[in-house]
Amino acid sequence: VRLAEVSSKVNSTWYSASSFSSSVPTVKLFIDGKFVESKSDKWIDIHNPATNEVIGRVPQATKAEMDAAVASCKRSFPAWADTSVLSRQQVLLRYQQLIKENLKEIARLITLEQGKTADAEGDVFRGLQVVEHACSVTSLLLGETMPSITKDMDLYSYRLPLGVCAGIAPFNFPAMIPLWMFPMAMVCGNTFLMKPSERVPGATMLLAKLLQDSGAPDGTLNIIHGQHDAVNFICDHPDIKAISFVGSNQAGEYIFERGSRHGKRVQANMGAKNHGVVMPDANKENTLNQLGQRCMALSTAILVGEAKKWLPELVERAKNLRVNAGDQPGADLGPLITPQAKERVCNLIGSGTKEGASILLDGRNIKVKGYENGNFVGPTIISNVKPNMTCYKEEIFGPVLVVLETDTLDEAIKIVNDNPYGNGTAIFTTNGATARKYSHLVDVGQVGVNVPIPVPLPMFSFTGSRSSFRGDTNFYGKQGIQFYTQLKTITSQWKEEDATLSSPAVVMPT
Ligand code: NAD
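Computed from a predicted structure; not experimentally measured.

Caption draft 1: Structural view of the overall build of the chain. Scanning the chain for helices and strands turns up 17 helices and 24 strands. In terms of overall size, the chain behaves like a compact globule, its C-alpha atoms giving a radius of gyration of 25 Å where 510 residues would be expected to give roughly 24 Å. Considering only C-alpha atoms, the chain reaches an extent of 85 × 65 × 40 Å along its principal axes. When the 510 residues of the chain are sorted by exposure, 55% land in the buried category. A fraction of 70% describes how many contacts in the chain between residues 6 or more apart in sequence connect residues 24 or more apart. On the chain, the mean spot of the 51 positive side-chain charges and the mean spot of the 50 negative ones are 2 Å from each other.

Here it is in C-alpha cells:
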C-alpha cells in the first residue's frame, strides 16, 4: 500500500505521486497557501512500520524554503490578527466539520505511516475535541475590566496574539498533537509554522488542506519538513515568538534551552514513565483490563499487598492481545515505528533479565503472518523489577509492562515520587480515602482514579509536570490560550470638559 491508495486528496494537493528520478511519492511543503515540491537534495524515507516498505519521501526543506515559510507567516499576521474574532471562529467551525467528515481518511494515513490499529481514529478524535473547544474562542479570549479605579479612570486588559508561532511534533500522535498546536494558536490571531514528525507527515498535510478548505487565509499556516536543521531554524529565527514542542526529553530540553536563549516562549511536553498503583481492594476485573502502554498509558504497575496475587491473571490477559498490522481487523497491538525502536525495546527487555528481573511474558520473538518484516514486539511483562534497574529507569516506549511490588501505599507513593517523570499516574481502588490520599500526595501532574489514561479534556489543560514538562504554561485549555497570547492592559481616563487638572501632576497618584 502506498500513500496514494489511502488518501483521495493525493496528487492534486499535498502529495506528488512520483517525482524527479523516483517512482516513490514525495510529500510537499505548504508555503503561502500552496502545496509546493521541495528543491531539497536531502530526503528522508517514510516507511510502513508493518512491512518496512518505503511508502513515500519527505524533504529536509532548504534554508530558502524555510525562510519563505516564515516570511509568509509574518506577512499574513497583521491581517489575520485584525480579522474579527467571529470570522476566525467561523473558520474553526467549518474546520471541525471537515475533520469529522474526513476522520477515517486521516486515520488510514496514520495507520499506514505510524502503524496504529483502530486507535488511529481515537488519535484524530482527541485532536478534533481541541478544535471544537477552540471554537469557544469568543469566551476564551475575554479580557478583564475594572471600572472607576479612581475618578474618571477605567482599567481593562486584552489578550492579543504574539505573532508567528511554531510547532514541532512527535511521531506517536500524528493528528492529535499538531491539533493541540496550530488551531489554538491561530484562533487567537497568530500565524503558525508547523514541523510535523518526519516519520508521519501525512496526517498534518491532510489537516492543512482541510484548514485551507475551511477558509484559513493563505500564509496563516505554513508547513516545513525536516529534522535538526529545521528545528534549529525554528529555535533561532527572530520572527518566531513561541515554540510548542512535544516529543522526547533529549530533543525537548535542547529546544527549550535554545529557543529560550533566543527570547521565545517555549512549552515542551516530554517523556513519561506512568505508574499505575493497584490496591488489593480494587475492582479486579476492571483493573486488569486497563493496564497497557502508550505515552499516557501505564507502562509501570505497582501491585500493593495482596494485589500481587493477580499477576498470573494479568499475564493470561496480556497473552490474548492480538498483534497485527494496524489495518487488520481485530488487531490490538500494531508495530513499533522503526527497526531501531524495536531493537531498543528488545535490548531493554534483555537488560531486565541481566539485572535480576523475571520475564513472565516475552514478546521479542513474535512473528506476524504476512508481515514478517514489520517491527513487531508482542506484549511483554517483566516482574520483580526494582527502581535501580535499567528497564525501570528508561522510558521503554513499547508494549512492555514492568511490574514492581510493595507492601503499602506509602511505599508505592515514594517510588512514584522518586521517579523523575511527572506525566500521568493512576490508582485503582474502591476506597475513597485511599484514592484521595494518593491524589493528594503523589507529585505527578495528571492523576487518574480508576482511570488508566488521565488525558484531560480540552476545556482543561494537559498538565504533565517535573521532567515530563519544561515551560510554565501547558498545552490547550485556558493555559493554551495564555501561552498563545500576551496581555495588553489599558488605563484610561476620560474627564468631562470642565474638569481639567488644577496643577501639573509630577508625582505618582497615591
Ligand atoms: P523525538 O523527540 O525524537 O521527535 C520529536 C520532534 O523533535 C520531531 O519533529 C523530530 O524531528 C525532532 N527531533 C528529534 N530529535 C531531535 C534532536 N536531537 N534535536 C532536535 N530535534 C529533534 O520524539 P518521538 O520519538 O517522535 O516521540 C516519542 C517521544 O515523545 C516519547 O519520549 C514520548 O513520551 C514523547 N511524547 C510525549 C507526550 C506528552 O504529551 N508528554 C506526548 C507524545 C509523545
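So, next bit.
Caption draft 2: Spotlight on the nonpolar core. Judged by nonpolar contacts, the single largest core of 69 residues is most densely connected at Ile106, Trp180, Phe182 and Phe192. Counting residues in hydrophobic clusters, the runner-up holds 29 residues, among them Ile302, Val345, Val416 and Val444.

Caption draft 3: Just the packing of aromatic side chains, in detail. Going through the model one piece at a time under the given rule, you end up with 11 aromatic pairs. Ring centres of Trp180 and Phe462 lie 4.9 Å apart, and the angle between their planes is 45°; this geometry places the pair in the tilted category. You can see Trp180 sitting in helix H7 (residues 176-187) and its partner Phe462 sitting in the loop between strand S21 (447-449) and strand S22 (465-466), a full 282 residues away along the chain. Note on accessibility: Trp180 and Phe462 belong to one class, buried.

Caption draft 4: Layout of the environment of Arg159. Looking at the secondary structure, you find Arg159 in strand S8 (residues 153-161). It is 50 Å that separates the C-alpha atoms of Arg159 and Leu314, two residues lying 155 residues apart in sequence. Dropping the residues within four chain positions of it, Arg159 is found in contact with Leu141, Ile481, Gln482, Thr485, Gln486 and Leu487. Within the structure, Arg159 has its side chain in polar contact with the side chain of Thr485 (distance 2.9 Å).

Caption draft 5: Layout of the site of the ligand. The ligand sits among 27 residues. The nearest are Ala169, Glu198, Ser248, Met270 and Glu395. A distance of 3.0 Å separates an oxygen atom of the ligand from a polar atom in the backbone of Phe171. In this structure, an oxygen atom belonging to the ligand sits 2.6 Å away from a side-chain N or O atom of Glu395. Look at the ligand: alone it shows 840 Å² of surface, and the protein chains cover 90% of it. Secondary structure elements with two or more residues in the shell around the ligand: H7, helix H9 (228-236) and strand S12 (240-246). Of the residues assigned to the shell around the ligand, the class counts are 15 nonpolar, 8 polar and 4 charged.

Criteria and cut-off values
Residues numbered from 1 in each chain as written. Predicted model: local features only at pLDDT ≥ 70, side-chain atom pairs only at ≥ 80, totals over all residues. Heavy atoms only, no water. Helix = DSSP H or I, 4+ residues; strand = E, 2+ residues; numbered from the N terminus. Rg over C-alpha atoms; globule rule 2.2 N^0.38 Å. Buried < 20%, exposed > 50% of the residue type's maximum accessible area, 1.4 Å probe, protein only. Contact = heavy atoms within 4.5 Å. Lys, Arg positive; Asp, Glu negative; His and termini not counted. Charge placed at Lys NZ, Arg CZ, Asp CG, Glu CD. Core = buried A, V, L, I, M, F, W, Y, C linked by side-chain atoms within 4.5 Å. Phe/Tyr/Trp six-rings, centres within 6.5 Å; stacked < 30°, edge-to-face > 60°. Polar contact = N/O pair within 3.5 Å; in protein donor to acceptor, adjacent residues only side chain to side chain. Near = heavy atom within 4 Å. Areas by Shrake-Rupley, 256 points an atom, 1.4 Å probe, with all protein chains shown as cover. Nonpolar A, V, L, I, M, F, W, Y, C, P; charged D, E, K, R; others polar.

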